[in-house]
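In case you want the letters, here they are:
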Protein chains: 2
Amino acid sequence: PCLSQQHSIALTVCVCVYMSKAAAKTQVEFEYDGPSMKTEVPGPRSKELTKQLGEIQNVGAINFFCNYEESRGNYLVDVDGNRMLDVYTQISSIPIGYAFVNRPALGIMPPENFPEKLAESLLSVAPSGMSRVQTMACGSCSNENAYKAMFIWYRNKERGHNNPSDEDMSSCMINQSPGCPDFSILSFMGGFHGRTMGCLATTHSKAIHKLDVPSFDWPIAPFPKLKYPLEEFTRENAQEEARCLEEVEDLIVQWRQKGRPVAGIVIEPIQAEGGDNHATPDFFKKLRNIARKHGSAFHVDEVQTGGGATGKFWAHEHWGMDDPADIVSFSKKMLTGGYYHKDELQAYRIFNTWMGDPSKNLFLAEVLNVIRRENLLEEVTRSGKTLLQGLYQLQDQYPNLLSSARGQGTFCAIDIRDDATRNSILLKARDKGVLLGGCGDRSIRFRPALVFKEYHVHMFLNVFSDVLAEHN
Amino acid sequence: PCLSQQHSIALTVCVCVYMSKAAAKTQVEFEYDGPSMKTEVPGPRSKELTKQLGEIQNVGAINFFCNYEESRGNYLVDVDGNRMLDVYTQISSIPIGYAFVNRPALGIMPPENFPEKLAESLLSVAPSGMSRVQTMACGSCSNENAYKAMFIWYRNKERGHNNPSDEDMSSCMINQSPGCPDFSILSFMGGFHGRTMGCLATTHSKAIHKLDVPSFDWPIAPFPKLKYPLEEFTRENAQEEARCLEEVEDLIVQWRQKGRPVAGIVIEPIQAEGGDNHATPDFFKKLRNIARKHGSAFHVDEVQTGGGATGKFWAHEHWGMDDPADIVSFSKKMLTGGYYHKDELQAYRIFNTWMGDPSKNLFLAEVLNVIRRENLLEEVTRSGKTLLQGLYQLQDQYPNLLSSARGQGTFCAIDIRDDATRNSILLKARDKGVLLGGCGDRSIRFRPALVFKEYHVHMFLNVFSDVLAEHN
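For every chain, the first residue of its written sequence is number 1, and the numbers climb from 1 along that sequence. Naming scheme: in the order in which they are written, chains are lettered from A and ligands are numbered from 1. Only residues with pLDDT of at least 70 are given local features in this predicted model, and only at 80 or more are side-chain atom pairs given and counted; all residues enter the totals for whole chains, interfaces and linings. Side-chain figures throughout are based on the complete set of non-hydrogen atoms in the structure, without hydrogens or water.

Engineer: Help me understand the overall build of chain A in this model?
Structural biologist: Strands are runs of DSSP state E lasting at least two residues, helices are runs of H or I lasting at least four, and both sets are numbered from the N terminus onward. When you go through chain A residue by residue, the secondary structure sums to 14 helices and 16 strands. C-alpha atoms define the radius of gyration in this analysis, and the globule rule sets the expected value at 2.2 Å times the number of residues to the power 0.38. Rg of the C-alpha trace for chain A: 25 Å, near the compact-globule value of 23 Å for 472 residues, within the 12% margin. For chain A, the spread of C-alpha atoms along the principal axes amounts to about 75 × 65 × 40 Å. In this scheme, a residue with accessible area under 20% of its type's maximum is buried, one over 50% is exposed, and one in between is partly exposed, where area comes from a 1.4 Å probe on protein chains only. Out of the 472 residues belonging to chain A, those deemed buried represent 67%. The long-range share in chain A, meaning contacts at least 24 apart out of those at least 6 apart in sequence, stands at 71%. Accessible surface is estimated by sampling points in the Shrake-Rupley manner with a 1.4 Å probe; for residues, cover comes only from the protein chains shown. Approximately 16,100 Å² of chain A is accessible, and the part contributed by carbon and sulfur atoms is 47%. We treat Lys and Arg as the positive residues and Asp and Glu as the negative residues; His and chain ends play no part in the count. A charge is said to be at NZ when it belongs to Lys, at CZ for Arg, at CG for Asp and at CD for Glu. Averaging the coordinates of the 50 positive side-chain charges in chain A and doing the same for the 57 negative ones gives two points 2 Å apart. Any pair of residues with heavy atoms lying within 4.5 Å of one another is described as a contacting pair.

Engineer: Would you explain the sheet that holds strand 9 (residues 297-301) of chain B in this entry?
Structural biologist: Backbone-to-backbone hydrogen bonds pair the strands of a sheet. The strands run either parallel or antiparallel. Residues and elements named next belong to chain B. Paired strands are those between which DSSP finds at least two bridges. Spatial strand order, 3-11-10-9-6-4-5: seven strands in an open sheet with mixed pairing. Every other strand in the sheet has two partners, leaving strand 3 (132-136) and strand 5 (220-221) as the edge strands with one partner each. Pairing analysis gives three bridges linking strand 4 (residues 184-188) to strand 6 (residues 262-267), with the strands arranged parallel. By the bridge assignment, L186 is partnered in strand 6 with I265. Strands in contact with helix 10 (residues 281-293) are strand 4, strand 6 and strand 9; relative to strand 6, the strand with the most contacts, it is inclined by about 165 degrees. Between N-to-C directions, angles span 0 to 180 degrees; the directions come from axes that are lines fitted to C-alpha atoms, helices contributing only their stretch in contact.

Engineer: Would you explain the environment of K206(B) in this entry?
Structural biologist: Along the chain, the position of K206(B) falls in the loop between helix 7 (197-200) and helix 8 (207-210). In the structure, K206(B) is positioned 14 residues away from F192(B) in sequence and 8.8 Å away in space, judged by C-alpha atoms. When neighbours within four sequence positions are excluded, K206(B) is seen to be in contact with M173(A) and G440(B).

Engineer: Mind showing me how you'd approach the relation of the copies chain A and chain B here?
Structural biologist: Applying a rotation about an axis and a shift along it to one chain copy brings it onto the other copy. The copies were overlaid with a least-squares fit restricted to C-alpha atoms from residues scoring a pLDDT of at least 70 in each copy. Of the two same-sequence chains, chain A is brought onto chain B (RMSD 0.0 Å, axial shift 0.0 Å) by a rotation of 180 degrees. What we have between these two chains is a two-fold relation. The fraction of interface residues of chain A whose copies in chain B are also interface residues reaches 100%, indicating that both copies meet through the same surface.

Engineer: Even after reading the chapter, I still don't get the interface of chain A and chain B, so can you show me in this structure?
Structural biologist: By a frequent convention, interface size equals the accessible area lost on bringing the separate parts together. Taken residue by residue, the interface counts 133 residues in chain A and 133 residues in chain B. Each of two parts loses accessible area, computed with a 1.4 Å probe, when they are put together; buried area is these two losses added. For the pairing of chain A and chain B, the buried interface totals around 12,000 Å² over both sides, and the portion due to carbon and sulfur atoms is 66%. A side-chain nitrogen of Lys or Arg and a carboxyl oxygen of Asp or Glu constitute a salt bridge if their distance falls within 4 Å. At the surface where chain A touches chain B, the tally comes to eight salt bridges. The partner of D357(B) in a salt bridge is K360(A), with the nearest N and O atoms 2.6 Å apart. Polar contact criterion, stated in full: a pair of N or O atoms within 3.5 Å, where within protein one must be able to donate a hydrogen and the other to accept it, and residues adjacent in sequence count only if both atoms are side-chain atoms. The interface formed by chain A and chain B includes 54 residue pairs in polar contact (both at pLDDT 80 or more). Looking at the side of chain A that touches chain B residue by residue, the classes come out as 74 nonpolar, 32 polar and 27 charged. As paired elements, strand 2 (residues 83-86) of chain A and strand 14 (residues 434-435) of chain B share two bridges and run parallel to each other. Within strand 14 of chain B, the residue paired with L85(A) across the bridge is V434(B). Residue polarity follows a fixed list, in which Ala, Val, Leu, Ile, Met, Phe, Trp, Tyr, Cys and Pro are nonpolar, Asp, Glu, Lys and Arg are charged, and the others, Gly among them, are polar.

Engineer: What is the right way to look at the sheet that holds strand 14 of chain B in this model?
Structural biologist: Read from one edge of the open sheet, three strands run 1(A)-2(A)-14(B), paired in mixed fashion. Since the sheet does not close on itself, it has two edges, and those belong to strand 1 (75-77) of chain A together with strand 14 of chain B, each with one partner. Helix 14 (residues 454-471) of chain B contacts strand 1 and strand 2 of chain A together with strand 14 of chain B of the sheet and is inclined by roughly 110 degrees relative to strand 2 of chain A.

Engineer: Teacher, can you tell me more about unusual backbone geometry here?
Structural biologist: For residues that are not glycine, phi is negative in most cases, and the peptide bond is trans in most cases. That bond from Y228(A) to P229(A) is cis: its omega, -5 degrees, falls within 30 degrees of zero. Residues V41(B) and P42(B) are joined by a peptide bond in cis, for which omega reads -5 degrees. Assignment of secondary structure puts P42(B) in the loop between helix 1 (10-25) and helix 2 (44-54). A positive phi angle, close to 65 degrees, is found at S92(B), a residue other than glycine. Relative to the helices and strands, S92(B) resides in helix 3 (residues 89-92). Taking relative accessible area as the criterion, S92(B) reaches 1% and is therefore assigned buried.

Engineer: So what exactly am I meant to see when it comes to the packing of helix 9 (residues 234-257) of chain A against helix 10 (residues 281-294) of chain A here?
Structural biologist: Angle between the axes and distance between the axes are the two parameters that describe a pair of packed helices. Residues and elements named next belong to chain A. Running from N to C, helix 9 and helix 10 point in directions that differ by 15 degrees, and their axes come no closer than 10 Å. With respect to each other, helix 9 and helix 10 are oriented roughly parallel. Where helix 9 crosses over helix 10, the handedness of that crossing is right-handed. Counted together, E241, C244, L245, V248, E249, I252, V253 and R256 of helix 9 and F283, K286, L287, I290, K293 and H294 of helix 10 form the full contact between these two elements. Among the residues making up the contact of helix 9 with helix 10, the classes are represented as eight nonpolar, one polar and five charged. Relative orientations are named as follows: roughly parallel for angles under 35 degrees, roughly antiparallel for angles over 145 degrees, roughly perpendicular for angles from 65 to 115 degrees, and oblique for any other angle. For any helix crossing, the convention is left-handed if the near helix is rotated counterclockwise from the far helix by under a right angle, and right-handed if that rotation is clockwise.

Engineer: What am I meant to see in the pairing of strand 10 (residues 327-330) of chain A here?
Structural biologist: A regular strand places its side chains so that they alternate between the two faces of the sheet. All names here are of chain A. Taking every second residue as pointing to the same face, both faces of strand 10 are buried, with I327 and S329 on one and V328 and F330 on the other. In this structure, strand 9 (residues 297-301) lies alongside strand 10, joined through three bridges in parallel fashion. Counted as the bridge partner of V300 is V328 from strand 10. Pairing of strand 10 with strand 11 (residues 337-341) involves four bridges; the strand directions are antiparallel. By the bridge assignment for strand 11, V328 is matched with Y340.

Engineer: Which parts of the structure should I look at to understand the side chain of N352(B)?
Structural biologist: By the element assignment, N352(B) lies in the loop between strand 11 (337-341) and helix 11 (358-373). Classification of N352(B) by relative accessible area gives buried; the value is 17%. Separated by 3.2 Å, the side chain of N352(B) and the backbone nitrogen of W354(B) make a polar contact. Engagement of the side chain of N352(B) in a polar contact is seen with the backbone nitrogen of M355(B), the distance being 2.7 Å. Here N352(B) is in contact with R195(A) and M136(B), once residues within four sequence places are set aside.

Engineer: Sorry, what's going on with the environment of P178(B) here?
Structural biologist: When you line up the elements, P178(B) lands in the loop between helix 6 (166-173) and strand 4. Aside from chain neighbours lying at most four places away, what touches P178(B) is R155(B), E167(B), D168(B) and S171(B).

Engineer: It is not clear to me how the packing of aromatic side chains should be interpreted in this structure. Could you clarify?
Structural biologist: What describes a pair of aromatic rings is the distance from one ring centre to the other and the angle between the planes of the rings. Between 30 and 60 degrees the pair is tilted, below 30 it is stacked and above 60 it is edge-to-face, where a pair is any two Phe, Tyr or Trp rings, Trp via its six-membered ring, whose centres lie within 6.5 Å. Enumeration over the complete set of coordinates arrives at 37 aromatic pairs over all chains. Taking the centre distance of 6.1 Å and the plane angle of 90 degrees together, the rings of F188(B) and F223(B) count as edge-to-face. Here the residue F188(B) occupies a position in strand 4, and F223(B) occupies one in the loop between strand 5 and helix 9 (234-257), the gap between them amounting to 35 residues. Like F223(B), F188(B) is buried. Among the aromatic residues, ring-to-ring pairing joins F151(A), W153(A), Y154(A), F183(A), F216(A), W218(A), F151(B), W153(B), Y154(B), F183(B), F216(B) and W218(B) into one connected group. Charges are assigned to positions over rings by a cutoff of 6 Å between ring centre and Lys NZ or Arg CZ, combined with an angular limit of 35 degrees from the ring normal. Across from the ring centre of F411(A), 3.6 Å away, lies the NZ or CZ of R447(A), which sits over that ring.

Printed below as a string of structure tokens:
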């Protein structure tokens, strides 16, 4: 009864399978009567899996792979059948002993199916040029750790080797350089990359996100302010993008001169919280080249744009590049946080207790199956086209109310006359049963699920049209 | 068949209940045929739940409460029966529409049972003087957001009101003061509070955690280096603690003078990663008073010590204070991250997309039931006493190998002659089927689950004794 073709319930399938095993467990007695060792640890199966996972992630901290289904009470069983009395419990993280439901410390003791599930889920949609991925618990942690990976990479490049000096080791303990170097991340005005302190130093969307929190003196470049539709203003837009790129280079030089070199550049393919600001593929190609020229890592933050809403799985695919980035971070629609990275940005020292949650990888694998089976990216492209056409028509109809309709796939937005009118429209639409979100000072953003079809678009446009008529 | 008294499988109970509903779902048709509004939004039930949740958390960002079981495809159903076409999908976070398994954005659209589950789980074990809790996805995010709450609180106190100036609003957008003030957090040498950039500035356990990552110029105080057993060296230990407290006050004054006032002090009840360093209740009481005297918030980080391993649910309960802290953060054994805080440290601006994961609260509620039903804190106290006695005996037997046995509950540690011997002991114990962890330069730490009973202690001591004999 669990199996179904209907995508709205596809996720329950995987959970039902998960559960029938759990039910079976309740038949088994409580605990083992002592340790039992079959092989050395890590045994051959753990070594084999470590090698497999090594193709995907750094495995420097992995102890061995676990069979969580056989682990019980105070006993952890590994994939080679070794049963150990656990007096460490995943860095003190298993409150009442091993039960069917655990939250393993993925960085040191992953479950047996972890490499396979990573391959089925995250790796199967890896961006061009990237075959390595690190999972994290949320978007902010993904970006924080991506920044750390860029800092470590940059410092090793600067040193010429990976061996820190005694001075590095002692000075870092008290937050001082050279151990804690004065590196910076270049970000863009209007960008949003999260709210923890490292991320927040690169977030410049709204004052309310940043107010009262200490920050870093890092360079902030202007993001292009383009005119829409992009194809009607190509010359002006190209000039604006050139101006911003020039400023980026100036800032990199300035910050190098003041002793805070730019280790990485972070940017969203479409600035989302900042008001759905777009730039052209040409801008991103040139920016990527500037990063390369100055030896800075290039980090594309796809936390909001990733997962299919633009009609491609990653928004940066619209740029048509083989080597679009050094790091691509994700969260939200991906159900788990994390980031992809090029081989050279691998860092053994990226670590925490949970490193994400493997149950989310299972769910993601199912979500990706549905996306493929139902051709949802094509659906998004079709719905998005209809949505944007509808917005253009409404904009022609209400020129004093609406402007700058824009979008890729269903990742669309439109500007409203002013903040007060925007907020009133959002509330009136909700009263009529349509949930919308705002972004920037006076934009409405559209962020439907990937199952938003053309008939949903028409339903939305009808309601929206009624609401606009009330505000004209 | 799912119900069982056996604590090793208690968690499956809650999941089985969860699942039978899911199975029922598969009978239902796929999607609704349009929006359907019954009340204004938020309706009376949402308002009632918002009021309930308002007793526990800030609800400034809550839109309404959702009935995720009735939500399907593109339609979100609220607790008042309003069915809305969702063109926003929880800030773009529901990839293929509403299915049974979702990951809701808790800060804006929590499920109906969220206040009840918070009350059953986290609030039922709230530290003395705290009735508010904020969930987060991991330990680092918990501390990052706790720091932000302290900064915001401190700045509002400094201003005398909560209304930022225009200069505050504009300067914070470019990372400059006064909008991003030069506040600091005072931390302790040997402390560990996480690895994201704000946390990392307060972490001083190992160089490898901090190396190559830019940091803040924040004050770092010495943590007392005590002699064990504590009760045999009371006079010397009291002197050492007095020295450290004096240094704390000096640093607070110095940092105020250099324009980086100490907004908060963060400390672990037992420094865990740093080598299981203890201090006396008297030290913590005096430190709490110093924080109060200088107007700094007092943040107790119980990420590793919390959840029962010390024989009390929170390690700070051993201090015997009615008002032990302004903020207590947690993660690990609690299955979800988060922090408790006093009313005055509430901040509307603490926010992110997921704010944790409600499924973890369900699991935690079950874990707490097991802890109560099986009197596991008493069990821990009993096992811990036996463990520590056993370590004392081994220390007497091997005085050249072992020293400084110490602990609270089963949260114990012992020092080994040197780093190389420690690591060899860890590996040899594992070969014999016992998993242990190291901490600090040459300590072994014991972190069993709460179901580690006296007979497990004896089993461990037998193996440990054999391993020590090989190293003497």
